[in-house]
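Structural overview
Below, each chain spelled out in residue letters.
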Amino acid sequence: MSSQQNGAISDTMQDDKLGSDGIPSDDIESVLPTDSGEGTVKFGWIRGVLVRCMLNIWGVMLFIRLSWVFGQAGWGLGIVIIALSCVVTTVTGLSMSAICTNGVVRGGGAYYLISRSLGPEFGGSIGLIFAFANAVAVAMYVVGFAETVVDLLKENEATIIDGDINDIRIIGCITVVLLLAISVAGMEWEAKAQIVLLVILLVAIGNMLVGTVIPATKDKKSKGFFNYQSNIFLENFTPAFRGDETFFSVFAIFFPAATGILAGANISGDLRDPQGGLPKGTLLAILITGITYLVVALCVSATVVRDATGNITDLITPGIPCNGSAIAACELGYNFSSCELQSCKFGLMNNFQVMTMVSGFGPLITAGTFSATLSSALASLVSAPKVFQALCKDNIYKALYFFAKGHGKNNEPIRGYVLTFVISVAFILIGTLNTIAPIISNFFLASYALINFSCFHASYAKSPGWRPGYKYYNMWLSLLGALLCCVVMFVINWWAAVLTYGIEILLYIYVTVKKPDVNWGSSTQAVTFVSAVSNALSLSGVEDHVKNFRPQVLALTGSVRTRPALLDLAHSFTKNYGLCLTCEVFVGPRSEVFQEMNANIEKNQLWLGKTKRKAFYAGVACDTFREGTERLLQASGLGRMKPNTLMIGFKRNWRTAGVEAVQSYVGVLHDAFDFEYGTVMLRMNQGLDVSHLIEAEEEMLKAVREQQALEDEMMPNGDKAKGLFRKSRKPSQQVITTRVSVCSPPPPQVAKMNERLLEASMQFKKKQPKGTIDVWWLFDDGGLTLLLPYILTTRKKWKDCKLRIFIAGQPEHSDLDKEEMKSLLQKFRINCSDIHVIDDIHVRPSSESLRKLGDMIEPFCLHEGSKDAAQAEAMQRDQPWKITDKELNSFEEKTNLQVRLNEVIKENSRSANLIFVSMPIARKEAISDFLYMAWLDILTKDLPTTLLIRGNHKSVLTFYS
C-alpha cells in the first residue's frame, strides 16, 4: 500500500474516531489488517486451507466404503454420486468465497460468515449446532480409528479386554487425549501433525494405484482382483443394488465423505489472508479430492469383480456351467456363481478391505486409514472450540460467555478444547455412532445450506455494502445450492433432517426473543429495508378506501417518557394495525437545539423498542412550537403511510401560560383541521406531563452511581469486597440514603400530587377494570368519534369495558332517535351495550356553572361595552387577543352549550372508565383563542379521563362489504 493510501486511511480513522467513539467504520475495518499482536502464528492458504480441507474430505470412506458404493451403484451411477456431491460442495465453496471476500473474515468460520450475513438469529442457531457437530464428529472419527485398531488386534489374536466395545472405548479415549495434547500445544504443532498425516495419506493412495498394475496373484484373483480388464469395467457399469439399498441410500452413505470443506474456514482467525486463501484453498481442495475419489473408484471398478469366493480352487470346470452375474470372472477362468446362492466374503460388494487387497503393500492402506481418521478428528477437535469461542465472544448466549476467553499469543480457546474433549469422550463411551452419524451430516449440511442462502440473500438485497472481491458466483446458483443441501438432508435421513430443523428453529426463536445487542449490518436488515420501500411504493399506487381506513396517529408527546398516558392511549389505537408517530418539537436557537435533538432521537427510539411500544419517534427543531408542529403535520410519513389523526394533550395551564403559548396551542388545532387531520385531545384531571418526575429519577440514579463510586474509592480490598459490600445493602436502602443526602424530600402535599400523577400516567398501561366507555356523539364528523372507541373494545386491556352511546335528541322523538341510532350502529357492525338519547341538552345551565365559567374567563375579557367607542377601539387595538362583549353575546348559546354538556356528562358518565366527546370547532378569527380554550376547559372540567374528538368529515365507517 502506498504512503498516500496509508495517510488517507490514517486520516479517515482519525475522523471516524472523532465521530464514533473510536470505533472504526465497516469500510475502514475491511481494509485494515486485524492481526492482534506480534508473534501470533498465521497460516498461508496451503497449510491453513488446502491441506486441512483435503485431509478432512479424504476420510475412511476412501479406503473402506468407496469400493462398496461403486459395487452397488455401478461406476455409471457412481460417477453421478461423486459429481452430485461435488456440485453441492463446489456451489457452497463459491458462495463461501463470495462472502469471505466481502470484508475482513475473523475467527469463527461458518458461524462468522452466516451471522455477519444473515444476522445473529441464524448465525447463533447454526453456530451452536455446528460447533456441537464438530465436537461429536471427533468422537465419530476416533471410533472409526479405534474399530480399525481393534480389527488389527483381532487378526493378530490380541485383545485389551473383550476385543469388542470396551476395547474401542479404551483406545478411543487414549486417542482423544493424545489429540487434545497436540491441539493444546498450539496451532503450529497441530499443523505439523496434519502435514505428517497428509504425507502418509498420499503414500497410501499412491500405493493403491501402483497395486492395480502389479500382476495379480492367484490368491488375489480368487478374491476378485484381476488387474485392468475391459470386461470387468463394462460389467461394473450398471447398478446392482442389493437388499434395501437404492441410489439415494448409497448416496447418503457416500455424501459425508464430501463434507469437510469448511475445515479451513473454521480457523479463519488463524489465517494470514483469509480473503484470498479461503476461496483458492477450498475450491482447489474440492477439485483435487473429487478427482482422487473418481480415479480411485474407477481403478477399482476396472480391476475387481462384484463377488468372489476367495477360494483359489473355484476355477472353470469343463461341463459345469459358469453364468450368473460374474460373467467377467468366467471369461477370466474363475467360477464365482456360487455367490448367487450364498453370500461371499470378497469382491466389491462384500469386502470392505478391497483397497488393502488391491494395494502393493497392505499395511500402508491401514496406515492411510489411520491417517484419514486421525486427521479428520484433529481438524474437528480444532474447529469446534474455534467456532464455539467466536460464538461465545459475541455473547449471543450469555450463559456461554465463560468459554469466550482465550489463552496465549494465539488466543487459544483452552476452555473450548476441554469442553470438546468432554463431549467427545461422552460419545466415544457410547461406542457406536450409527444413530448420531446422520444427525452430524445433517448439521453440516444445514451450515452449507445457510452459507449458500447467505450469498443469495446478500445478492438479492442489492445492498451497496455487498461488493465481494470474488466475482465467480451467481445468486441463483447459490439459491439452487441451498435447496440441494436441504434435499440431500432428507435423502440422507428424513428424521435427522426434521430434528435438525427443529433444533435450529428453537434456537432461532430463542435468539429472536432475547434480541442480543449486536448490529452487523446483515442482509436480513437490507432485505427488510428493500421490502419496506417496495411495499410503501406499492401502497402509494392504491387509492384510499373507507374500508381500509385505520387511525394513523401523530402524537405530540414530547420526549417518549414525558407523557406516558398519551403515548399508551395512542399505541392502543394503532398497535399492530396502524402507524404511530411520537413527536417532539425543540424550540430555540438551532445551534443549541440540533445537538439536543440528535442526542434524543436514538435514545427515544431505543426506549420505544425496549418497552415494546410499536411506534416511531420524530423530532424537529424550530423557532416556535406551532411552526414545528406544522412541519410535522405536513411532512411526516411516507406515501400512504402518513398520519391522519393528531393526538395532543389538553393544555391545563392555559390561564397562566401567556398569550403566545395559548395562540400557538390553538393555532396547532386550526392547522390540524386545515390539513384535514382528525383531532384527538386527551384530558386527565391529574395532568399528563411527568417530565419533572423523570428528571428527579435521573438525578437520583446519578447520585446513587456517584455514591457507589465514592464507596469503591474508600474500599481498598478490590472488586470482590466492593461487590460483597453492595450486596449486603438492599437497593432500596441505597436509593433512600442517596435521595435524602442529595435533596430534601418534597412537602407532603406535593408528594401526594406526584404520587397521583404517576399513578394516572400508568392508567392505560394496565388492564382496565369492568366498566363503560361512554361516547357522546354530538356531531357527524365522519365517524371517527365512533371508530376509535370501537377499536379500544377490541384490545385485550379493554375487553371488560362495554360501549355506551349518548346522542342529542328532542323529547317528543327520543324513542325514534334511539331506534334510528340502533339501526345505524347495526349497519356499521358496532356493538354497544346501551344507547341514551339526551333530550335536555339545550336547557340553560345552572347559575353556579355559569359563575364558574365567568370566573374562568374574567381575566381575559375586554369589557369594552362600558367604554365609549374611541376607548373601546383603542382597547381592542392594544389587546386584540381578549374576549370582547360582542363575541360573548354572539356566541352565548354555544358557550352555554359547553357548560350544559359538562353538567349532563357529569350526571350520566361520572363512573365511566373513559369518555369520548365530540370536540367543538372554533371558526378561525371569529372566536378568540381564550374563549375557545374556556369552552374546552369547561366542557371537560371535573370529568373522568376524557377524549375530545373531531374527525375531518371524511367517512371512516361504511355500510358496505
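What you are looking at is a predicted structure, and each value in this text was computed from that prediction instead of being measured.

This part takes up the overall build of the protein. For the protein, the helix and strand inventory stands at 36 helices and 10 strands. Within the protein, the proportion of its 961 residues that are buried is 50%. The long-range fraction of contacts in the protein, counting pairs at least 24 apart against all pairs at least 6 apart in sequence, stands at 80%. As displayed, the protein offers around 45600 Å² of accessible surface, 58% of which is attributable to carbon and sulfur atoms.

Turning our attention to the packing of aromatic side chains. For the structure shown, the criterion picks out 30 aromatic pairs. Pairing phenylalanine 226 with tyrosine 334 gives two aromatic rings, centres 5.5 Å apart and planes at 65°, and the pair type is edge-to-face. Taken together, the residues phenylalanine 226 in the loop between helix H10 (218-222) and helix H11 (230-235) and tyrosine 334 in the loop between helix H14 (327-331) and helix H15 (354-358) connect sequence positions 108 residues apart. Ring geometry for tyrosine 397 and tyrosine 510: centres 5.6 Å apart, planes at 15°, overall stacked. With tyrosine 397 in the loop between helix H16 (362-393) and helix H17 (414-428) and tyrosine 510 in helix H20 (residues 494-514), this pair connects stretches of sequence that are 113 residues apart. By relative accessible area, which is 7% here, tyrosine 397 ends up buried. Between the NZ or CZ atom of arginine 65 and the centre of the ring of tryptophan 68, over which it lies, the distance is 4.9 Å. Seen from the ring of phenylalanine 779, arginine 950 lies directly overhead, with NZ or CZ sitting 4.7 Å from the centre.

A separate point is the confidence of the model for the protein. The predicted model of the protein has a mean per-residue pLDDT of 82, with 90% of residues at 70 or higher. Between residues 718-743, whose pLDDT stays under 50, and residues either more than four places distant or in other chains, the model counts 25 contacts.

Summarising the element assignment, leucine 850 is placed in helix H32 (residues 847-857). Expressed as a C-alpha distance, the spacing of leucine 850 and threonine 895, which sit 45 residues apart in the sequence, is 9.5 Å. Setting aside residues no more than four positions away along its own chain, leucine 850 makes contact with Arg844, Pro845, Asn896 and Val899.

Attention now moves to the nonpolar core. Ranked by internal contacts, the top residues of the largest apolar core, which has 139 residues, are Leu66, Phe254, Leu262 and Tyr293. Per-element accounting of this core gives the leading share, 17 residues, to helix H7 (residues 120-155). For tyrosine 293, the residues in contact, after removing those within four places along its chain, are Ile57, Trp58, Gly59, Met61, Leu62, Leu66, Ile82, Phe254 and Ala257.

With that out of the way, let us pick up the pattern of salt bridges. Taken as a whole and judged by the stated rule, the model has 18 salt bridges. The salt bridge involving aspartate 689 is made with arginine 563; its shortest N-O contact spans 3.6 Å. With aspartate 689 in the loop between strand E5 (678-683) and helix H26 (691-714) and arginine 563 in the loop between strand E1 (553-555) and helix H22 (564-574), the pair connects residues that are 126 residues apart, well separated along the chain. Under the relative-accessibility criterion, arginine 563 is labelled partly exposed at 23%. In this structure, the salt-bridge partner of arginine 851 is aspartate 855, at a minimum N-O distance of 2.9 Å. With arginine 851 and aspartate 855 both in helix H32 and 4 residues apart, the pair spans about one turn of that helix. With relative accessibility at 42%, the residue arginine 851 sits in the partly exposed group. The class of aspartate 855 is partly exposed, set by a relative accessible area of 48%.

Here the focus is a nonpolar patch on the surface. Residues Phe490, Trp494, Trp495, Val498 and Leu499 make up a contiguous nonpolar surface patch of about 510 Å² in total accessible area. At 4 residues, H20 tops the list of elements feeding residues into the nonpolar patch. Looking at the element boundaries, leucine 499 is found in helix H20.

With that out of the way, let us pick up the packing of helix H8 (residues 165-184) against H17. Where H8 meets H17, the axes come as close as 10 Å, and the angle between the chain directions of the two elements is 170°. Regarding the angle of H8 to H17, the classification is roughly antiparallel. For H8 against H17, the interelement crossing comes out right-handed. Note on element contacts: H17 touches H8 through Ile414, Tyr417, Phe421, Ser424, Val425 and Ile428, opposite Arg169, Gly172, Cys173, Val176, Val177, Leu180, Ser183 and Val184. When its residues are assigned to classes, the contact of H8 with H17 shows 10 nonpolar, 3 polar and 1 charged.

As a packed pair, H8 and H16 sit with axes 10 Å apart at the nearest point and diverge in direction by 55°. When the axes of H8 and H16 are compared, the pair comes out oblique. For the element pair H8 and H16, the recorded crossing hand is right-handed. Seen from H8, the contacting residues are Thr175, Leu179, Leu180, Ile182 and Ser183; seen from H16, they are Leu374, Ala377, Leu378, Leu381 and Val382.

Now for the pairing of strand E9 (residues 914-918). On a regular strand, each side chain points to the face opposite its neighbour's, so the side chains alternate between the two faces of the sheet. With 5 of 5 residues buried, E9 is to be regarded as a mostly interior element. In E9, alternate side chains face the same way, and those of Leu914, Phe916 and Ser918 on one face and Ile915 and Val917 on the other are all buried. Of the pairings in the sheet, the one linking strand E6 (residues 771-776) to E9 comprises 4 bridges and is parallel in character. Within E9, the position partnered with valine 775 by the bridge is phenylalanine 916. Pairing geometry for E9 and strand E10 (residues 946-950), over 4 bridges, is parallel. The residue bridging isoleucine 915 from the neighbouring strand is threonine 946, located in E10. With helix H36 (residues 929-940) bridging E9 and the parallel E10, this β-α-β connection has right-handed handedness.

The next subject is H16. Over its 32 residues, H16 runs 47 Å from end to end, which matches the ideal 46 Å to within 8%, given 1.5 Å per residue. Positive phi appears at asparagine 395, one or two residues downstream of H16, with a value of about 60°.

Here we come to unusual backbone geometry. For lysine 612, which is not a glycine, the phi torsion comes out positive at approximately 60°. Checked against the element boundaries, lysine 612 lands in the loop between helix H23 (590-610) and strand E3 (616-622). Exposure remark for lysine 612: the relative accessible area of 67% places this residue in the exposed category. The backbone of glutamate 676 sits at a positive phi, close to 60°, despite the residue not being glycine. Within the secondary structure, glutamate 676 sits in the loop between helix H25 (659-674) and E5. Residue classification places glutamate 676 among the partly exposed residues on the basis of a relative accessible area of 44%.

A few words on the sheet that holds E9. Read from one edge to the other, the open sheet built from 10 strands follows the order E3-E2-E1-E4-E5-E10-E9-E6-E7-E8, with strand pairing classed as mixed. Each edge of the open sheet is held by one strand with a lone partner, namely E3 and strand E8 (834-838). Here the strands of the sheet are splayed against their neighbours by 20° on average, with no regard to which way each runs. Where E1 lies against strand E2 (residues 580-587), 3 bridges are found, and the strand directions are parallel. Within E2, the position partnered with alanine 555 by the bridge is threonine 582. Along the sheet, helix H24 (residues 625-635) contacts E1, E2, E3 and strand E4 (645-649); its crossing angle with E3, the most-contacted strand, is approximately 135°. Docked against the sheet, helix H35 (residues 892-909) engages E6, strand E7 (801-808), E8 and E9, running at close to 155° with respect to E6.

Reading the values: the criteria
- Residues numbered from 1 in each chain as written.
- Predicted model: local features only at pLDDT ≥ 70, side-chain atom pairs only at ≥ 80, totals over all residues.
- Heavy atoms only, no water.
- Helix = DSSP H or I, 4+ residues; strand = E, 2+ residues; numbered from the N terminus.
- Buried < 20%, exposed > 50% of the residue type's maximum accessible area, 1.4 Å probe, protein only.
- Contact = heavy atoms within 4.5 Å.
- Areas by Shrake-Rupley, 256 points an atom, 1.4 Å probe, with all protein chains shown as cover.
- Phe/Tyr/Trp six-rings, centres within 6.5 Å; stacked < 30°, edge-to-face > 60°.
- Lys NZ or Arg CZ within 6 Å of the ring centre and 35° of its normal.
- pLDDT = per-residue confidence, 0-100.
- Core = buried A, V, L, I, M, F, W, Y, C linked by side-chain atoms within 4.5 Å.
- Salt bridge = Lys/Arg side-chain N within 4 Å of Asp/Glu carboxyl O.
- Patch = residues over 30% accessible without salt bridge, like charges linked within 9 Å, V, L, I, M, F, W, Y side chains within 5 Å.
- Axes fitted to C-alpha atoms, helices over the stretch in contact; angles between N-to-C directions.
- Parallel < 35°, antiparallel > 145°, perpendicular 65-115°, else oblique.
- Left-handed = near helix turned anticlockwise from the far one by under 90°.
- Nonpolar A, V, L, I, M, F, W, Y, C, P; charged D, E, K, R; others polar.
- Pairing = 2+ DSSP bridges.
- Right-handed = clockwise from strand over helix to strand, strands pointing away.
- Expected span 1.5 Å × (residues − 1).

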